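Each chain, letter by letter, is given below.
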Amino acid sequence: MSEVCLTHINKTYPNGYEAVKDFNLDIKDEEFVIFVGPSGCGKSTTLRMIAGLEDISDGELTIDGKRMNEAEPKDRNIAMVFQNYALYPHMTVRQNMEYPLKIAKLPKEEINKRVTEASNILGLNMLLDRKPAALSGGQRQRVAMGRAIVRNPKVLLMDEPLSNLDAKLRGQMRVEITRLHKRLKSTIVYVTHDQTEAMTLGDRIVVMSDGEIQQIDTPENLYSHPANKFVAGFIGAPQMNFMDMSIEETENGILLKKEGARLALNTEQSRKLKERGFRQGSHITLGVRPENLSIDQSGSDQKNSLEGTIDVFEMLGASSNIYVSCGDQQIAAILPAGVFCKEGTPVRLQFDLDYVHLFDPDTDRNIMADQA
Amino acid sequence: MKRKKMSKKQKTYWSIIIPVILLFFVFNTWPMLNGFFYSLTNYKGYGTYEMVGMQNYIDLFQDTRVLKSYLFTFKYAICGTILVNVLSLVMALALNAKIRCKSALRGIYFVPNILGGLVIGYIFSYIFTYILPSLGELWNISWLQNSILSSPAYAWIGVLIVGVWQAVAMTTIIYISGLQTVPQDVYEASRIDGSSKWTEFWKVTFPLIIPFVSINLVLTTKNFMMVFDQILSLTGCGPAQSTESISFLIYKNGLDGGQFGFQSANAVIFFIVIVLFSIVQQQITSKKEEQL
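Residues numbered from 1 in each chain as written. Chains lettered and ligands numbered in written order. Predicted model: local features only at pLDDT ≥ 70, side-chain atom pairs only at ≥ 80, totals over all residues.

Colleague: Would you mind going over the overall build of chain B with me for this structure?
Modeller: The number of helices and strands found in chain B is twelve helices and zero strands. Counted from the first residue to the last, chain B has its helices and strands arranged as α-α-α-α-α-α-α-α-α-α-α-α. With the principal axes as the frame, chain B shows a C-alpha extent of 85 × 75 × 30 Å. In chain B, the proportion of contacts linking residues at least 24 apart, taken out of those at least 6 apart, comes to 72%. (Helix = DSSP H or I, 4+ residues; strand = E, 2+ residues; numbered from the N terminus. Contact = placed C-beta atoms within 7 Å.)

Put into structure tokens, the structure is as follows:
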């Protein structure tokens, strides 16, 4: 059992800067939780508070029910993988992995057994006598993970462990970390600013901004039901398109209007809007993901579409991105493979209205995700 | 076109390097060669001289005053090097910790290095001769009532205190720069791995600053072996020549005592001893140097 509970955690620096505000999270045993957010959002600070490398200004941290606020890092039964690996440069790979075990005064046979086991899992057998300077970035990262897992910690903390690796290696290491988690069944708290890492690795994702939790949810829910405009914009690449629309009430439901666009909402969407007090003439922020837009070649349904001019066409292989100028706004859309567009040509983008998101322009809350 | 560019580059290179080579040759190499030449003569520093071959070198090893000065210098250098490095390392660790007014304190601790050796020597001479004995009388502490500099047995400790006090400043600065090369996250990893402060120092910090220990050992040994200012200002090599260093002996008897040729031979031997010392030290520490 390795459960981590953060209750009303705050971090305020002596200069008054609030890095983390009222952070509440229960991490279950064997869960893989990701803290994601832009730089300076407080995700690493929160992780460092769990590790004991930063003092907790207010609130309570428990690991397996025991209060850990005042405990030294070594007494928390955690291990951490750092962004810059933090290997001991003067020690060989073997010595790096042995170090925490020697400090814990484990018997020599046990140390050897654990190091061999970890190096087998991480493919480090051939590198055991090398020093970190003689290793590549990916190998160093593996050693850092090896040093962490030999201790059999209750909680494994990872602070942007893949950010120094190139894109290809990052992809490989992502898969390795997933395998490692399945094999070790440890509780992992992982910090990243990379949404792909967050979406692919995590059982649950904590999206943070300005020291506050924006949403805690599964990757699927974060993508499909973002709680607010920040989460909707942060998850997904290219990011969700936002448009300011005005409401027109009709007999068949609600129409969203903007220059060059008239979108008829479905019954459920219309009902939610009405329940929230949105009436004729009031404004709303419409969010639509690039993958929920397509090129309308027939021109038959002009009602649920938007006209513009293609600014940029990006061929990605499996798909393409287009950036379309619609008045003063630029809209991104993802097209399937095989569709080619010429920059500068007019285009009509069709909305898949079942997948649009409606945000309250005053609170930025997602009206469709909120409980009425 | 390319060649023209290269020659301009080379001109700049030579225009920088030639004056330095000339200055080095005139003020360093030429006097050294001259010294070596005079070491083979019976030159008194004035008048005529004759070549005596290796006689000066043979005499050197039989001269008890020279041997005594070597013994004093080695004792002084070994004790000084150990003391300076231990104290500097402790001080550097303290000044590198998260404390208030860190920069101001570093500045204050560096002051002894700015002051000249003679100035410091005369200040300490006053302290040892007048202030400490007065305090000894005031507080009735018998061993403090006489100046340490007047005791043939302990005068070297007085010289050592001054030498260490002055040398600690520069050595501490070098250790601080060494400590700053150790990445913060390595310390954090070590804390999470369960190290105590003591273990962390010996297993993580010290091995990572070995290159700086090596530099400091060589520099402090060399500087302590060449002790001169402190002797001149504190004891004048007394009492009873108990604090006569090699440099002081070379200066005193070479220029004042009509032994220019003989002391030149002493200087050549001393030069070889210092070079050998430095090489041996480097060899020992370089084996342990690690790259970050």
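Colleague: When you look at the interface of chain A and chain B in this model, what are you seeing that I'm missing?
Modeller: How big an interface is tends to be stated in terms of accessible area lost as the parts join. In this complex, chain A contributes 18 residues to the contact, which on the side of chain B involves 17 residues. Across the side of chain A that touches chain B, the residue classes break down as 15 nonpolar, two polar and one charged. (Nonpolar A, V, L, I, M, F, W, Y, C, P; charged D, E, K, R; others polar.)

Colleague: Whenever I open this one, the packing of helix α11 (residues 246-256) of chain B against helix α12 (residues 260-286) of chain B confuses me. Can you help?
Modeller: For any two helices packed against each other, the geometry is given by the interaxial angle and the distance between the axes. Residue and element names in this part refer to chain B. Relative orientation of the contacting elements α11 and α12 amounts to 160°, with a least axis distance of 8 Å. As judged from the angle between their axes, α11 and α12 are roughly antiparallel. The two elements α11 and α12 cross, and the hand of that crossing is left-handed. Side by side, α11 and α12 meet where I246, L249, I250, N253 and G254 of the first sit next to F260, Q263, S264, N266, A267 and F270 of the second. Among the residues making up the contact of α11 with α12, the classes are represented as six nonpolar, five polar and no charged. (Axes fitted to C-alpha atoms, helices over the stretch in contact; angles between N-to-C directions. Parallel < 35°, antiparallel > 145°, perpendicular 65-115°, else oblique. Left-handed = near helix turned anticlockwise from the far one by under 90°.)

Colleague: Looking at this model, I keep getting lost on the domain arrangement of chain A. Mind explaining?
Modeller: Domains assigned within chain A are domain 1 (4-234) and domain 2 (241-359). If you average the C-alpha positions of domain 1 of chain A and of domain 2 of chain A, the two centres end up 39 Å apart. (Domains from an automatic or database assignment.)

Colleague: Even after reading the chapter, I still don't get unusual backbone geometry, so can you show me in this structure?
Modeller: The peptide bond linking A237(A) to P238(A) adopts the cis configuration, its omega dihedral lying at -10°. Backbone geometry at C101(B) places phi at a positive 55°, although glycine is not the residue there. Of note, C101(B) is situated in the loop between α3 (64-96) and α4 (102-114). The exposed category is assigned to C101(B), around which 9 C-beta atoms lie within 10 Å. (Buried ≥ 20, exposed ≤ 12 C-beta atoms within 10 Å, placed from the backbone.)

Colleague: Hey, could you run me through the sheet that holds strand β2 (residues 18-27) of chain A in this one?
Modeller: By definition, the strands of a sheet pair up through backbone hydrogen bonds, in either a parallel or an antiparallel sense. Residues and elements named next belong to chain A. In space, the four strands of this open sheet follow the order β2-β1-β4-β5, with antiparallel pairing throughout. With partners counted over all chains shown, the strands left at the sheet margins are β2 and β5 (66-67), one partner each. Looking at chain direction, strand β1 (residues 4-12) and β2 are connected through six bridges and run antiparallel. Bridged to L6 within β2 is L25. Sheet contacts for helix α1 (residues 43-51): β1, β2 and β4 (58-63); angle to β1, the most-contacted strand, approximately 120°. (Pairing = 2+ DSSP bridges.)

Colleague: Where do I start with the sheet that holds strand β6 (residues 78-81) of chain A in this structure?
Modeller: Residue and element names in this part refer to chain A. What the six strands build is an open sheet, ordered β6-β7-β8-β3-β9-β10; its pairing is mixed. Two strands close off the open sheet at either side, each with one partner strand: β6 and β10 (212-217). Looking at each pair of strands side by side, their axes are set apart by 15° on average, direction ignored. Two strands pair when backbone bridges link them, and strand β7 (residues 155-159) and strand β8 (residues 187-192) are joined in this way by five bridges, in the parallel orientation. Paired with D159 across the strands is V191, a residue of β8. Sheet strands in contact with helix α4 (residues 137-149) are β6 and β7, and its direction is about 175° off that of β6.

Colleague: How should the environment of E259(A) be read in this particular structure?
Modeller: All names here are of chain A. Secondary-structure assignment places E259 in the loop between β12 (253-258) and β13 (261-264). The exposed category is assigned to E259, around which 10 C-beta atoms lie within 10 Å. As for E259 and L306, which are separated by 47 residues in sequence, their C-alpha atoms are 8.8 Å apart.

Colleague: Just checking my understanding: could you explain the nonpolar core for this structure?
Modeller: Burial of nonpolar side chains together is a common tendency in soluble globular proteins. Formed by 148 residues in total, the largest nonpolar core has its most connected members in I34(A), M80(A), A144(A), L157(A) and V189(A). It is helix α6 (residues 155-180) of chain B that provides the largest number of residues to this core, a total of eleven residues. Viewed by domain, this core spans two of them, domain 1 (4-234) and domain 2 (241-359) of chain A, each represented by three or more residues. What L157(A) contacts, discounting residues up to four positions off in sequence, is L47(A), I50(A), A51(A), I78(A), M80(A) and V189(A). (Core = buried A, V, L, I, M, F, W, Y, C linked by C-beta atoms within 7 Å.)

Colleague: Explain the pairing of β1(A) here, please?
Modeller: Consecutive side chains along a regular strand alternate between the two faces of the sheet. All names here are of chain A. The turn joining β1 and β2, which pair antiparallel and follow one another in sequence, is formed by five residues; a positive phi near 95° is taken by G16. Here β1 runs beside β4; their pairing, made up of five bridges, is antiparallel. Of the residues in β4, the one forming a bridge with C5 is T62.

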